[in-house]
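The residues making up each chain are set out below.
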Amino acid sequence: MPKNLNDKCERFLTLAIESSCDETAAAVVADGRELLSNVISSQIETHTLYGGVVPEIASRQHLTNINDVISSALTEADITIKDIDLIAVTHGPGLIGTLVIGVAAAKALALANDIPLVGVNHMHGHICSNFISSKELIPPFVSLVVSGGHTNLIKVKDYTEFEVLGSTRDDAVGEAYDKVARVIGLGYPGGPKIDEIAKKGNPDAIFFKRVYLNKDSLDFSFSGIKTAVLNYVNTERQAGRELNTADIAAGFQEAVVEVLINKSVDAVKRYGNEKLVLAGGVAANSRIRKALAQKCEQEGIKLHLPEKVLCTDNAAMIACAGYYKYLDKGEDDLSLDAYADLPF
Ligand code: KG4
Ligand code: ZN
């Protein structure tokens, strides 16, 4: 039994740190699922200047912000570091130069205050955001994980046991949103911009092919649709026709969402206890949330959606995943390292 779990009746407090990409975040979570604070310092404004995340600049900003973000998380939770029972930190996958900053900060705090440390897989964190938003949710279930770097269908067998059922063979969904946004001149960050403008467009005005691969496969492919949008834009420009950006965004989004939904329902029917859990930055997308809710209602599937603030990168989800990992596997030692690639 890991330290601290049975020897007191107070709440078990986890401080988590997340720095895998362009958000410096820290959070305090009680008993794995109750949010006491959730501080996120976004670098979007800085990276907008360059049209995307510049890793070296991201690392420098994490370094500047991380101590203040951690202090704010403790202050907002109305506690001090002495009250913390566990420190959880994202140690991959992500940008290596930004991950090492979070890992170094977590190790220093753990060592200086004699607190157990646990390294967390960022993608496990995304799924665990749902344990905070849906207090009644328990495994097993199927999760659709859609982020800037990943698109997966995952069978969540237990809090720390994950099986990959399907993955993208090329681009991730978030990556496709970001690339299409650039092609149609919306800029960075593309996902939220397409989400907004698509509300004003007609999703049936321009048809983009839905890519299912073979019938039984739970894999995805999104690089074709990005090229299809690029070809459409070039053809229209060459013909001297004005682009209807809202219709392009809506047509692209509809093609992507239809495939995500049909494959997810298929996965739930094959593997899943009638429960579907959405996770990752793209889970903030309003069309995906609405269309999934409708489809799941028709199919008799119980859908769980994380609150929007817990969809994109945050440390609360890392605290939750870290808590369950600690219960199951115990602490990591101070040789904990960061990894740009870390499998599910
Ligand atoms: O999970 P996340 O914050 O970072 C990664 O782990 O990758 O996901 C970021 C991705 C970006 O590609 C961003 O464009 C996309 O999530 N995203 C959205 C929306 N909000 C964020 N995509 C579509 N609609 C949104 N509302
Ligand atoms: Zn993420």
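Just so it is clear, the model here is predicted, and its values are computed rather than measured.

Student: Provide a residue-level description of the site of ligand 1, including the pertinent values.
Tutor: Contacts to ligand 1 come from 17 residues, most closely from His-126, Gly-148, Asp-178, Asp-195 and Gly-281. In this structure, Asp-195 approaches ligand 1 through a side-chain N or O atom, which is 2.9 Å from a nitrogen atom. At a separation of 3.0 Å, an oxygen atom of ligand 1 approaches a polar backbone atom of Gly-281. Considering ligand 1 on its own, with 550 Å² of exposed area, one finds that the protein chains cover 86% of that surface. Structurally, ligand 1 is housed in the largest pocket. Counting residues per element, the ones that place at least two in the shell around ligand 1 are α4 (122-133), α5 (173-183) and α6 (190-198). Of the residues in the shell around ligand 1, the class split is 4 nonpolar, 10 polar and 3 charged.

Student: Account for the state of the cysteines, with residues named and values stated.
Tutor: Covalently bonding the sulfur atom of one cysteine to the sulfur atom of another cysteine gives a disulfide. Per the counting criterion, the structure on display carries 0 disulfides. With no disulfide of its own, Cys-21 has Cys-311 as its nearest cysteine by sulfur position, at a separation of 16 Å. Between Cys-320, a free cysteine, and Cys-128, which holds the nearest cysteine sulfur, the sulfur-to-sulfur gap is 4.5 Å. Taking relative accessible area as the criterion, Cys-320 reaches 0% and is therefore assigned buried.

Student: Which residues make up the coordination of the zinc ion (ligand 2), and what values do they have?
Tutor: Protein coordination at the zinc ion (ligand 2): the donors are His-122 (NE2), His-126 (NE2) and Asp-313 (OD), at 2.0 to 2.1 Å from the metal. Motif for the zinc ion (ligand 2), donor spacing along one chain: H-x3-H-x186-D. Note that His-122 and His-126 are positioned in helix α4 at a spacing of 4 residues, about one turn of the helix. Residue His-122 is classed as buried on the basis of its relative accessible area, which comes to 6%.

Student: I'd like a description of the environment of Asp-313, backed by residues and values.
Tutor: For Asp-313, the location among the structural elements is in the loop between β10 (302-304) and α10 (316-329). C-alpha separation for the pair Asp-313 and Ser-42, spaced 271 residues apart in sequence, amounts to 9.4 Å. Setting aside residues up to four positions removed in sequence, Asp-313 forms contacts with Glu-18, Ser-20, Cys-21, Glu-23, Ile-40, His-122 and His-126.

Student: A description of the nonpolar core should follow, citing residues and the corresponding values.
Tutor: In this structure, Ile-184, Val-229, Phe-252 and Leu-260 are the most contacted members of the largest nonpolar core, which totals 50 residues. It is helix α8 (residues 245-271) that contributes the most residues to this core, 14 residues altogether. Beyond its immediate chain neighbours, meaning those up to four positions away, Phe-252 contacts Ala-176, Tyr-177, Val-180, Ile-194, Phe-208, Ile-225 and Val-229. In terms of nonpolar packing, the next biggest core, distinct from the first, is built from 34 residues, Ala-279, Ile-318, Tyr-323 and Tyr-326 among them.

Student: Quick one: what's the story with empty space enclosed by the protein, residue by residue and with numbers?
Tutor: Considering all chains together, one arrives at 1 cavity of 30 Å³ or more under this definition. The calculated volume of the largest cavity comes to roughly 50 Å³. Per-element accounting of the lining of the largest cavity gives the leading share, 3 residues, to α8. Across the lining of the largest cavity, the residue classes break down as 6 nonpolar, 1 polar and 2 charged.

Student: Lay out the environment of Phe-252 in plain terms, naming residues and giving numbers.
Tutor: Within the secondary structure, Phe-252 is located in helix α8. It is 31 Å that separates the C-alpha atoms of Phe-252 and Ala-315, two residues lying 63 residues apart in sequence.

Student: Please provide a residue-by-residue account of unusual backbone geometry, values included.
Tutor: Of note, the bond from Gly-92 into Pro-93 is cis; its omega dihedral lies within 30 degrees of zero at -15 degrees. Tracing the backbone shows Pro-93 in the loop between β4 (86-92) and α3 (96-113). Cis geometry is found at the peptide bond from Tyr-188 to Pro-189, where omega equals -5 degrees. When you line up the elements, Pro-189 lands in the loop between α5 and α6. One non-glycine residue, Leu-213, adopts positive backbone phi at about 60 degrees. Tracing the chain through its elements places Leu-213 in the loop between α6 and α7 (223-238). A positive phi angle, close to 55 degrees, is found at Glu-274, a residue other than glycine. Within the secondary structure layout, Glu-274 lies in the loop between α8 and β9 (275-279).

The rules behind the values
- Residues numbered from 1 in each chain as written.
- Chains lettered and ligands numbered in written order.
- Predicted model: local features only at pLDDT ≥ 70, side-chain atom pairs only at ≥ 80, totals over all residues.
- Heavy atoms only, no water.
- Near = heavy atom within 4 Å.
- Polar contact = N/O pair within 3.5 Å; in protein donor to acceptor, adjacent residues only side chain to side chain.
- Areas by Shrake-Rupley, 256 points an atom, 1.4 Å probe, with all protein chains shown as cover.
- 1 Å grid on protein atoms, 1.4 Å probe; cavity = no way out; pocket = protein on both sides within 12 Å on 5 of 7 lines; lining within 4 Å.
- Sits in = over half its atoms within 2 Å of the grid points.
- Helix = DSSP H or I, 4+ residues; strand = E, 2+ residues; numbered from the N terminus.
- Nonpolar A, V, L, I, M, F, W, Y, C, P; charged D, E, K, R; others polar.
- Disulfide = S-S within 2.5 Å.
- Buried < 20%, exposed > 50% of the residue type's maximum accessible area, 1.4 Å probe, protein only.
- Donors = N, O, S within 2.8 Å, 3.2 Å for Na, K, Ca; no water.
- Contact = heavy atoms within 4.5 Å.
- Core = buried A, V, L, I, M, F, W, Y, C linked by side-chain atoms within 4.5 Å.
- Points joined across faces, edges and corners; volume = space filled by probe spheres on them.

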